[in-house]
Protein chains: 2
Amino acid sequence: MAGLARYMAVLRLFSEGMPTWTVAEMADALQVPQSTAYRTVRDLLSEGLVEMSSEARYRLGPAFIEFDRLTRLTDPLMQAGADVLRALVQEAGVPGVALLCRLYGGEVMCIADHVSPEASFSPSYERGKPMPLTQGATSKAILARLPAKRLSKLIGADAVETMRAELAAIRRAGFCLGRGEIDEGLAGIAVPIVCEPEGLVASLSLVVESHRLAGAREERLRHLVMSAAHEIENLLNHDHQARGPVLPSGEAVGGAD
Amino acid sequence: MAGLARYMAVLRLFSEGMPTWTVAEMADALQVPQSTAYRTVRDLLSEGLVEMSSEARYRLGPAFIEFDRLTRLTDPLMQAGADVLRALVQEAGVPGVALLCRLYGGEVMCIADHVSPEASFSPSYERGKPMPLTQGATSKAILARLPAKRLSKLIGADAVETMRAELAAIRRAGFCLGRGEIDEGLAGIAVPIVCEPEGLVASLSLVVESHRLAGAREERLRHLVMSAAHEIENLLNHDHQARGPVLPSGEAVGGAD
DNA sequence: GTCATATTCTCAAAAAATGAGAAATATGGA
DNA sequence: TCCATATTTCTCATTTTTTGAGAATATGAC
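About the thresholds
Residues numbered from 1 in each chain as written. Chains lettered and ligands numbered in written order. Predicted model: local features only at pLDDT ≥ 70, side-chain atom pairs only at ≥ 80, totals over all residues. Heavy atoms only, no water. Pairing = 2+ DSSP bridges. Helix = DSSP H or I, 4+ residues; strand = E, 2+ residues; numbered from the N terminus. Contact = heavy atoms within 4.5 Å. Axes fitted to C-alpha atoms, helices over the stretch in contact; angles between N-to-C directions. Near = heavy atom within 4 Å. Polar contact = N/O pair within 3.5 Å; in protein donor to acceptor, adjacent residues only side chain to side chain. Nonpolar A, V, L, I, M, F, W, Y, C, P; charged D, E, K, R; others polar. Buried area = accessible area lost by both parts, 1.4 Å probe. Salt bridge = Lys/Arg side-chain N within 4 Å of Asp/Glu carboxyl O. Buried < 20%, exposed > 50% of the residue type's maximum accessible area, 1.4 Å probe, protein only. Least-squares fit on C-alpha atoms with pLDDT ≥ 70 in both.

A. Molecular detail of the sheet that holds strand E1 (residues 21-22) of chain B. Residues and elements named next belong to chain B. In spatial order, the strands read E1-E3-E2; together these three strands make up an open sheet with antiparallel pairing. Where the open sheet ends on each side, the last strands, each with one partner, are E1 and strand E2 (50-52). Sheet topology places E1 next to strand E3 (residues 57-60); two bridges connect them, and they run antiparallel. In the strand pairing of E3, Trp-21 is matched with Tyr-58. Each of E2 and E3 touches helix H3 (residues 34-46); the most contacted strand, E2, lies at about 100° to it.

And the structure:
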C-alpha cells in the first residue's frame, strides 16, 4: 500500500464502534511496523485529519469539518437542495424527514437531510452515512436512472436482471414507494434527480411513518416530492446555463476573489 | 512537497471563491508538471476526496461528508455540546446563535452551532469556518485558558504581552463579552471550556443582536452561557471517568463490532 | 473524418518510504 | 523530586515509489 491509499487506510479505521485508536492498534490492523504507523499518523496529525485524544489514542481531526463546510457551500446539488428540502418537509404537513442522496462509490449516501420539528423518528438514512445500493426506495430511485453500463458495473449483471422490471417501473412512474424496506414502520417516497451535463444521478425522498401514508395523502405527498425533485433539477440546469461566458443581465455579480 | 502534503495542497486549493479546478490550473498553482498533477488527482478521485464536475473540472468529493458524520458522532466535545447548544438557545428567549468553538491549527473553528428559529441574522462564526485567533469573544475565551507556552507559540510573545491584561480579566470573570468585534450589530458572550485529561480548550458562546443585550438581560444570559459551559465540562469529565475498565452497573453495554 | 483538448502511459533518474532497533521524550506514580 | 514505563522520534542502508518530459491514447466538438 502506497501513497494516498496508505493514509486513507488509517483514516478508514475510525468508526462509530471504534472511534479512537492507538498507534499500536493501527499498526496491527494494517500489518505495518509501528515506526511506519507513527510516521503516517504524524503526517495526518499535522494536517488536522487526525488528532490526539487522551492517553496515546487518536481520533479523526477537525479538518473534515472544514472541508465538509466547503462541500456544503459549493456542491451544486446541495446548494440546489437545501431550501427545497426544508420547503418539502413543511408542505408535507405530517412529521417527516426529507433526504437528498447520491451515489458514493459502491453505495448510496445521503448528502443533505431536513427533519421536521415534530418528527419523533429518524430513518437509517442520514447525512454522511453510506447505505446499501439495492435496498430502499431512496437507493432504487437512483439505480433506476443510472446508465445501464454503470449499473451493471456497480451491482453485477445478475442483479441487474433481477431488478430490471422493478427499475423499469420506477422509470415509468417517476417515483419509488418503499414501505418498511429499511426501517420497520417507516415508508419512503423517492424520486430520481438527473443532471446530464454534470453527470450526476441522485434522489430526493420523503420518509414518513407508514400508517400516515394512505389514500389521498399518499398521492398528495407523491406529487409534492415529484415537484420538489423537478425543482432541484431545474435549479441545477439553470446554474449550468448561467455558467456561459456572457451574463444575461448587465448587473455585475459579486464573487469572492 | 511529498507524501500527504502534496495531496492536501491540492485539496486546499478548493475554496468558496474557486470551487472547481482544472488539472492545468492545479499544476500551475502548485508549480508541478501536469503529469504529476494528473496522478495526484487520480488518487484523490479514487478515494472520493475529489470528484469530477463538468468539463474537465474537479471539485471536492463526498468523502468529506462521510468523515464529517463520523466526527459528529464520535467527537466527545460535539457529543456533549449538541443538546446543550439547543437548550441554551431555547432558554435564552431572544433570537440568537449558540456556538461551540475550538482551536484548529493557528485559528479558531466552530465545530457545532445552533440557530434559534427566530434569528434573522447569522454571525461570521459558523460550523467549519476557520476564524482569526485574536478577535472576537469566542476566540478570546479560548486564548484565555490556553497554557502560556502554547499561547505564545500560537500568537507570538509580543501579542501575548499585548493581550495579557485582557486575557487575565477573562480568566477572572469566567466569561468574555464582545460587542461588534467581528460582526457589526452583534454581540457575543463566550465562556471557556477546558477538559484537562483530553487536553482540549474550547469555548461556548451565544451571539445575539447588540441592542438586546442590556441591563438585567445581559446578566441573565451571561449566567445561562456559563452554566451551559459548565454542563459541557461536566459531561466531558463524566465520560472520561466512565472509560475505566469496570462498568458501574452489571448491565451489558451494547456496542458496534 | 479532423482537430483540439484531456488523460494516461513509459522509463530512467531522483526522491521518498521502509523496517528494525536505538535514542529521546513524555507520563504517571512513589 | 526521581524513577519506571510507555510513547514517540530518530537513524540509516535498502527497497520502493514518485518524478518529469514527452509520446501515446482517449474524448468530444465540429
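B. How the structure looks around the protein's contact with DNA strand D. Every one of the 14 residues lining DNA strand D counts as a neighbour, but Tyr-38 and Tyr-58 of chain A together with Arg-6, Thr-36 and Arg-39 of chain B are closest to it. Here the atoms of DNA strand D within 4 Å of the protein split so that 62% fall in sugar or phosphate, with bases taking the remainder. Arg-6 of chain B is positioned with one of its side-chain polar atoms (N or O) 2.7 Å from a phosphate oxygen of DNA strand D. If you list the elements that add at least two residues to the surface near DNA strand D, you get helix H3 (34-46) of chain A together with H3 of chain B. In terms of residue count, the dominant contributor to the surface near DNA strand D is H3 of chain A (four residues). In terms of residue class, the surface near DNA strand D is made up of six nonpolar, four polar and four charged.

C. The interface of chain B and chain A, seen in detail. Counting from both sides, the interface comprises 53 residues of chain B and, opposite them, 54 residues of chain A. Summing both partners gives a buried area of about 4900 Å² for chain B against chain A, and 59% of it is carried by carbon and sulfur. Area buried by chain B at its contact with chain A is led by Leu-4, Ile-65 and Phe-67 of chain B, which between them contribute 15% of it. Taken together, the links from chain B to chain A amount to 11 salt bridges. One salt bridge in this structure joins Arg-102 of chain A and Glu-51 of chain B, with 2.8 Å as the shortest N-O distance. Linking chain B with chain A are 11 residue pairs in polar contact (both at pLDDT 80 or more). Residue assignment for the side of chain B that touches chain A shows that the elements contributing at least two residues are helix H1 (4-11), H3, E3, helix H4 (63-74), helix H5 (76-92), strand E4 (96-104) and strand E5 (107-115) of chain B.

D. Up close: the pairing of strand E8 (residues 186-195) of chain A. Residues and elements named next belong to chain A. Among the 10 residues of E8, 10 are classified as buried, and the element is accordingly described as predominantly covered. Neither face of E8 is exposed, since Leu-186, Gly-188, Ala-190, Pro-192 and Val-194 on one face and Ala-187, Ile-189, Val-191, Ile-193 and Cys-195 on the opposite face are all buried. Of the pairings in the sheet, the one linking strand E7 (residues 176-179) to E8 comprises four bridges and is antiparallel in character. Across the sheet, Cys-176 pairs through a bridge with Ala-190, a residue of E8. Between E7 and E8, which pair antiparallel in sequence order, lie six residues; one of them, Gly-180, sits at a positive phi of approximately 65°. Where E8 lies against strand E9 (residues 200-209), 10 bridges are found, and the strand directions are antiparallel. Its bridge partner being in E9, Leu-186 is matched across the sheet by Glu-209. Between E8 and E9, which pair antiparallel and follow one another directly, the connecting turn spans four residues, one of which, Gly-199, has a positive phi of 65°.

E. Region of interest: the sheet that holds strand E3 (residues 57-60) of chain A. Residue and element names in this part refer to chain A. Spatially, E1-E3-E2 is the arrangement adopted by the three strands of the open sheet, whose pairing is antiparallel. Edge positions in the sheet fall to strand E1 (21-22) and strand E2 (50-52), since each of these pairs with one other strand and no more. Docked against the sheet, H3 engages E2 and E3, running at close to 100° with respect to E2.

F. Region of interest: the environment of Arg-217 of chain A. Residue and element names in this part refer to chain A. Relative to the assigned elements, Arg-217 resides in helix H9 (residues 215-241). For Arg-217, a relative accessible area of 34% gives the class partly exposed. Between the alpha carbons of Arg-217 and Glu-161 there is a distance of 33 Å; along the sequence they are 56 residues apart. Discounting chain neighbours no more than four positions away, the residues touching Arg-217 are Val-94 and Arg-212.

G. Summary view of the relation of the copies chain B and chain A. When chain B is brought onto chain A, the operation consists of a screw motion whose angular component is 180° and whose axial shift is 0.0 Å, with 0.1 Å RMSD remaining. Here the symmetry operator amounts to a two-fold rotation axis. When the interface residues of chain B are mapped onto chain A, 100% of them again lie at the interface, so the same face is used by both copies.

H. Spotlight on the protein's contact with DNA strand C. As a matter of local geometry, DNA strand C sits amid 15 residues, with Pro-33, Thr-36 and Arg-39 of chain A together with Tyr-38 and Tyr-58 of chain B nearest to it. A breakdown of the atoms of DNA strand C within 4 Å of the protein gives sugar and phosphate a share of 62%. Between DNA strand C and Thr-36 of chain A there is a distance of 2.9 Å, counted from a phosphate oxygen to a side-chain nitrogen or oxygen. One of the side-chain nitrogen or oxygen atoms of Arg-39 of chain A is found 2.8 Å away from a base nitrogen of DNA strand C. Looking at the surface near DNA strand C, the element that brings in the most residues is H3 of chain B, giving four residues.

I. Spatial organisation of the side chain of Lys-140 of chain B. Residues and elements named next belong to chain B. Within the secondary structure, Lys-140 is located in helix H6 (residues 137-144). Among the polar contacts made by the side chain of Lys-140, one reaches the side chain of Glu-166 at a distance of 2.8 Å. In contact with Lys-140, not counting residues within four places along its chain, are Thr-134, Met-163, Glu-166, Leu-167, Ile-170, Cys-176 and Glu-181.

Limitation: the analysis is restricted to geometry and does not speak to function.
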